[in-house]
Amino acid sequence: MSRSAHPAGPRHADVLPEGHYTAPPADLNALDPKVWSRTVTRTPEGAVSVGGIDVTRLAEEFGTPAYFIDEDDFRARAQAWRTAFGEGADVFYAGKAFLSRAIVRWLHEEGLNLDVCSGGELSTALSAGMPAERIAFHGNNKSAAEIEKAVSVGVGHIVLDSFQEIVRVAHIAEQLGKRQRVLIRVTVGVEAHTHEFIATAHEDQKFGIALADGQAAEAVRRALKLDGLELVGIHSHIGSQIFDMAGFEVAARRVVSLLAEIRDEHGVELPEIDLGGGLGIAYTSDDDPREPHEIAKALGEIVTRECEAAGLRTPRISVEPGRAIVGPTAFTLYEVGTIKPLDGLRTYVSVDGGMSDNIRTALYDAEYSVSLVSRTSDADPMLVRVVGKHCESGDIVVRDAFLPSDLAPGDLIAVPATGAYCRSMASNYNHALRPPVVAVRDGEARVIVRRETEEDLLRLDVG
Ligand SMILES: Cc1ncc(COP(=O)(O)O)c(C=O)c1O
Ligand SMILES: N[C@@H](CCCC[NH3+])C(=O)O
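Since this is a predicted model, take the numbers as computed values, not measurements.

1. Regarding the site of ligand 2
So, step 1. As a structural note, the neighbourhood of ligand 2 is formed by eight residues, with R323, R360, Y364, Y421 and M425 the closest of them.
So, step 2. R323 places a side-chain nitrogen or oxygen 2.7 Å from an oxygen atom of ligand 2.
So, step 3. R360 is positioned such that a nitrogen or oxygen atom in its side chain is 2.5 Å from an oxygen atom of ligand 2.

2. Digging into the sheet that holds strand β2 (residues 48–50)
So, step 1. The antiparallel open sheet is built from three strands, whose spatial order is β1-β2-β3. Unpaired on one side and paired on the other, β1 (41–42) and β3 (53–54) mark the two borders of the sheet.

3. Observations regarding the environment of L58
So, step 1. Its location among the elements puts L58 in helix α1 (residues 55–62).
So, step 2. In this structure the C-alpha to C-alpha distance between L58 and V190, which are 132 residues apart in sequence, comes to 44 Å.

4. Looking at empty space enclosed by the protein
So, step 1. Applying the stated criterion across every chain yields a total of one cavity of 30 Å³ or more.
So, step 2. Its volume calculated, the largest cavity comes out at about 60 Å³.
So, step 3. Together, Y67, I69, F98, V326, A330, T418, G419, R423 and V437 line the largest cavity.
So, step 4. Across the lining of the largest cavity, the residue classes tally to six nonpolar, two polar and one charged.

5. Some words on the site of ligand 1
So, step 1. If you check the shell around ligand 1, you find 15 residues, and the closest are H237, S240, G278, E320 and Y421.
So, step 2. Side-chain polar atom of D115 to a nitrogen atom of ligand 1: 3.4 Å apart, as the coordinates give it.
So, step 3. One nitrogen or oxygen atom from the side chain of E320 is found 2.7 Å from a nitrogen atom belonging to ligand 1.
So, step 4. Summarising the interface, the protein chains cover 93% of the accessible area of ligand 1, which totals 390 Å² for the free molecule.
So, step 5. Residue composition of the shell around ligand 1, grouped by class: three nonpolar, seven polar and five charged.

6. What about the packing of helix α2 (residues 71–85) against helix α9 (residues 292–310)?
So, step 1. The contact between α2 and α9 brings their axes to 8 Å, and the two run at 30°. With respect to α9, the element α2 is oriented roughly parallel. Crossing of α2 over α9 shows right-handed handedness. Listed contacts from α9 to A80, W81, A84 and F85 of α2 are P292, H293, I295, A296 and L299.
So, step 2. Split into classes, the residues belonging to the contact of α2 with α9 amount to eight nonpolar, one polar and no charged.

7. Comments concerning helix α5 (residues 144–153)
So, step 1. If you check which residues of α5 are buried, you get I147, A150 and V151. Along α5, the residues classed as buried sweep out an arc of 95° about the axis, all on the same side.

8. Here's the deal with the environment of E320
So, step 1. Take E320: it is sitting in the loop between β13 (316–319) and α10 (323–326).
So, step 2. Look at E320 and you get buried, because its relative accessible area is 5%.
So, step 3. In sequence terms E320 and D115 are 205 residues apart; their C-alpha atoms lie 7.0 Å from each other.
So, step 4. Ignoring any residue separated from it by four or fewer positions in sequence, one finds E320 in contact with F92, A94, D115, H138, H235, D274, G276 and G277.
So, step 5. Separated by 3.0 Å, the side chains of E320 and H235 make a polar contact.

9. Some points on the UniProt feature "binding site: pyridoxal 5'-phosphate" (unreviewed entry) in the protein
So, step 1. UniProt's entry tags G278, E320, P321, G322, R323 and Y421 with the feature "binding site: pyridoxal 5'-phosphate" (unreviewed entry), counted in the numbering of this structure.
So, step 2. Mapped onto the fold, G322 is located in the loop between β13 and α10.
So, step 3. Given the relative accessible area of 5%, G322 is considered buried.
So, step 4. Residues contacting G322, with those up to four places away along its chain left out, are Y93, A94, A97 and G327.
So, step 5. With respect to the secondary-structure elements, R323 resides in helix α10.
So, step 6. Given the relative accessible area of 4%, R323 is considered buried.
So, step 7. Engagement of the side chain of R323 in a polar contact is seen with the side chain of S240, the distance being 2.6 Å.

10. Considerations on helix α7 (residues 215–225)
For an α-helix, 3.6 residues make a turn, and residues three or four places apart therefore share a direction.
So, step 1. Residues of α7 that are buried include every one of A216, A217, A219, V220 and A223, and no others. What you see down the axis of α7 is that its buried residues fit within an arc of 155°, all on one side.
So, step 2. Of the surrounding secondary structure, the elements contacted by the buried residues of α7 are α6 (163–175), β9 (180–187), β10 (209–210), β11 (229–235) and α8 (246–266).

11. Considerations on the confidence of the model for the protein
So, step 1. When pLDDT is averaged along the protein, the result is 93; 94% of the residues meet or exceed 70.
So, step 2. Here residues 1–14 is modelled with pLDDT under 50, and outside its nearest four sequence neighbours on either side it reaches 36 contacts, counting other chains as well.
So, step 3. On the interface metric, ipTM, the complex scores 0.98, and its pTM is 0.94.

12. Overview of the nonpolar core
So, step 1. With 110 residues, the main nonpolar core has I69, F74, Y93, I184, I234 and I413 as its most contacted residues.
So, step 2. Considering every element that reaches this core, the biggest residue donor is α8, with nine residues.
So, step 3. Setting aside residues up to four positions removed in sequence, I234 forms contacts with L183, I184, V186, V220, V255, L258, L259, I262, L270, E272, I273 and D274.
So, step 4. V35, F331, L412 and V438 belong to the second-largest nonpolar core, a separate cluster that totals 21 residues.

13. With respect to the pattern of salt bridges
So, step 1. The full count for this structure, using the stated rule, is 28 salt bridges.
So, step 2. Across the pair D400 and R385 runs a salt bridge whose closest N-O atoms are separated by 3.6 Å. One end of the pair, D400, is in strand β18 (residues 396–404); the other, R385, is in strand β17 (residues 381–387), with 15 residues separating them in the sequence. Each member of the pair D400 and R385 is classed as buried.
So, step 3. In this structure, a network of salt bridges that share partners links the residues E71, D72, R75, E109, E110 and R441.

What counts as what
The written sequence of each chain sets the order in which its residues are numbered from 1. Chain A is the first chain written and ligand 1 is the first ligand written, with later ones labelled in order. Residues qualify for local features only when their pLDDT is at least 70, as the model is predicted, and side-chain atom pairs are given and counted only at 80 or more; totals for whole chains, interfaces and linings, by contrast, use all residues. With hydrogens and water excluded, all non-hydrogen atoms of the structure serve as input to the side-chain values. Whether a residue is near a molecule or strand depends on its heavy atoms: it is near if one of them lies within 4 Å of it. Each polar contact in these results corresponds to two N or O atoms within 3.5 Å; when the atoms are within protein, one needs to be able to donate a hydrogen and the other to accept it, and residues that are neighboring in sequence are counted only if both atoms are side-chain atoms. Pairing between strands requires that DSSP locate at least two bridges from one strand to the other. Helical segments are the DSSP runs of H or I of at least four residues, strand segments are the runs of E of at least two, and each set is numbered from the N terminus. Points on a 1 Å grid, built from protein atoms alone, make a cavity when a 1.4 Å probe fits but cannot get out and make a pocket when they are open with protein on both sides within 12 Å along at least 5 of 7 lines; residues with an atom within 4 Å of a point are the lining residues. Grid points are joined across faces, edges and corners, and a volume is the space filled by probe spheres set on the points. Any residue that is not Ala, Val, Leu, Ile, Met, Phe, Trp, Tyr, Cys, Pro, Asp, Glu, Lys or Arg is counted as polar, Gly included; the first ten are nonpolar and the last four charged. Throughout, the Shrake-Rupley method with a 1.4 Å probe supplies accessible areas, and for residues the shown protein chains are the sole cover considered. Every angle, taken between N-to-C directions, lies between 0 and 180 degrees, and every axis is a line fitted to C-alpha atoms, over only the stretch in contact when it is a helix. For this classification, under 35 degrees means roughly parallel, over 145 means roughly antiparallel, 65 to 115 means roughly perpendicular, and everything else is oblique. By definition, turning the near helix anticlockwise from the far helix through less than a right angle yields a left-handed crossing, and turning it clockwise yields a right-handed one. Contact definition: two residues touch when any of their heavy atoms are within 4.5 Å. Exposure classes here rest on a 1.4 Å probe applied to the protein chains alone. A residue is buried below 20% of its type maximum, exposed above 50%, and partly exposed in between. It is the directions from the helix axis to the C-beta atoms that the arc portrays. UniProt positions are given in the numbering used here, feature names are shortened, and annotations may be inferred rather than shown by experiment. Confidence of the predictor in every single residue is expressed as pLDDT, which spans 0 to 100. As used here, the term nonpolar core means buried Ala, Val, Leu, Ile, Met, Phe, Trp, Tyr and Cys residues forming a set that is joined through side-chain atoms within 4.5 Å. We define a salt bridge as a contact between a side-chain nitrogen of Lys or Arg and a carboxyl oxygen of Asp or Glu at a distance within 4 Å.

What follows is the structure, given as structure tokens:
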């Protein structure tokens, strides 16, 4: 997994340990716009600011650790996806990446739809005013109660994930006197180039119904016979944090050929295809993500071409980006607590959070970058591992990075690109209190998810 290892600054001059690092950046004070949200900048005094507010002020007011989300950046990214796909397509933000009522309102205002995958996400969406018909409900094992709620509130789509679910949703819809619009999720047999745990289109996994050996065609046959279902399309999601468009192109091609098979067998042209989410973002300066307009163009062209070749009307395309919208818009702010230099090896920098607010490094060996944000420094770079305060040696936030060698307890450091799958996967391990999410815009900061308190934890523990 290691990228290139280069000699670092004078403190680690000769041999560097195994790791993921590249050379230290030429200027440790610089903020790479690839990994920081749009309104992040350094103030003349040297601290970093977001939405016009200095992080030292944010830390005083909201404490650390905390996630700060750049509202303008979120809205701009959502809008870029919307505009790139245009009126003939739908963009469903994947709520699993991070969902709160403010996020739902922003999405609604920017004209996006929403993908939810649990009753909890559905309640959040509805309670913040997302119209039910703009919601798609996912999941490989939706409970009867979840299906009942989704059907009765009138969600736009339920994405069927298994043979059992075809029958379950049809039965519940019939009992409620409804006909539910559904898609069938298929696995197209693509190996997405991402971490094994976040690849979802190869066949040996829990999601979806395989295209191979005719299973998806059989699922379509069954769904078309049931009165409670209105089958409107096919869904495919190949994985997450993907940079290479080739996997999406193969998926699109295979989904369109299923549409052609369906037309030939049943005389029905399904009007929709959903190609899922999964577009990668820059976690470090080495990552080069695609822009929404490139993705829209590539997917639109391939679907149109394949449909023309098969003599099909081009279906309405949906996509479900989560990480690509919210990921780059937030950073986590930490205070440095202890510093442990290991001569010739690396320096461990312990912060006041850890794997409870960012499990991705431990879970996927994810890479992040980190910067000193409460001041600038001209000190030499030192190789660091940023770790949390949990009772676990795998409690690593940033595996390998460079920070200035005059770093001291009390300094604030920030990890960018933590908007996706950090707060949403946060835990209470060691009875940690999950950090707040603070939205910052035009010189104003406002808590959109408050910090947990010890009282919250005690309230759950009913003795
Ligand atoms: C069905 C589905 N849609 C959309 C997404 C969102 O993925 P990402 O956040 O990588 O765009 C996921 C998660 O991988 C998913 O499972
Ligand atoms: N949670 C994962 C991605 C899985 C997305 C949901 N299918 C991550 O942090 O990268």
